[in-house]
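So you can see what is in the structure, the chains are spelled out below.
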Amino acid sequence: MNRWKEIAKFLCGAEAFHAFVHAAFWYSGTTLTVFGIITETPTTHMWGAIANAAIALILGVYAWRSRRSAA
C-alpha cells in the first residue's frame, strides 16, 4: 500500500464533503458571516463547491488509479 495514496483517499473524502456542504448552502441561499469579518454569500458558496469538487476529483483520480502492468 502506498501511504500517499491512502492520504489522498482520505483528503478526497474530506474535500467531497466540503463541496457538498458548500453546494447545500448555495442551494439554500444561505449567507454566513464568520467572526463578523468574513461574509460568504451564495455566490461564494457556488465557487467553493466547484473548487472543492475539482480538488476531490483530482485527488480521487490520483488515489484510485491503477498502475499499468508491464505486459
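Going by the structure above, here's the rest.
Per chain, the residues get numbers from 1 upward, laid out in the order the sequence is written. Given that this is a predicted model, residues contribute local features only at a pLDDT of at least 70 and side-chain atom pairs are listed and counted only at 80 or more, while totals for whole chains, interfaces and linings are drawn from all residues. Where side-chain values are given, they derive from all heavy atoms of the structure, hydrogens and water being excluded.

Quick look at the environment of Gly48 now. Counting from the N terminus, the helices are DSSP H or I runs at least four residues long and the strands are E runs at least two residues long. Here Gly48 shows up in helix H2 (residues 42-64). The spatial distance from the C-alpha of Gly48 to the C-alpha of Phe20 is 9.7 Å, given a sequence separation of 28 residues.

Axes are the key here: two packed helices are described by the angle between their axes and the distance separating the axes. Between helix H1 (residues 3-28) and H2, whose axes approach to 7 Å, the crossing angle comes to 160°. Compared by their axis directions, H1 and H2 come out roughly antiparallel. Read as a crossing pair, H1 and H2 show a hand that is left-handed. In this count, Pro and Cys sit with the nonpolar residues alongside Ala, Val, Leu, Ile, Met, Phe, Trp and Tyr, while Asp, Glu, Lys and Arg are called charged and the others, Gly among them, polar. Grouping the amino acids of the contact of H1 with H2 by side-chain chemistry returns 19 nonpolar, 6 polar and 3 charged. As a rule, the C-alpha atoms of each element are fitted with a line to give its axis, helices using only the stretch in contact, and angles between N-to-C directions run from 0 to 180 degrees. Roughly parallel means an angle under 35 degrees; roughly antiparallel means over 145; roughly perpendicular covers 65 to 115; every other angle is labelled oblique. Should the near helix be turned anticlockwise from the far one by less than a right angle, the crossing is termed left-handed; should it be turned clockwise, right-handed.

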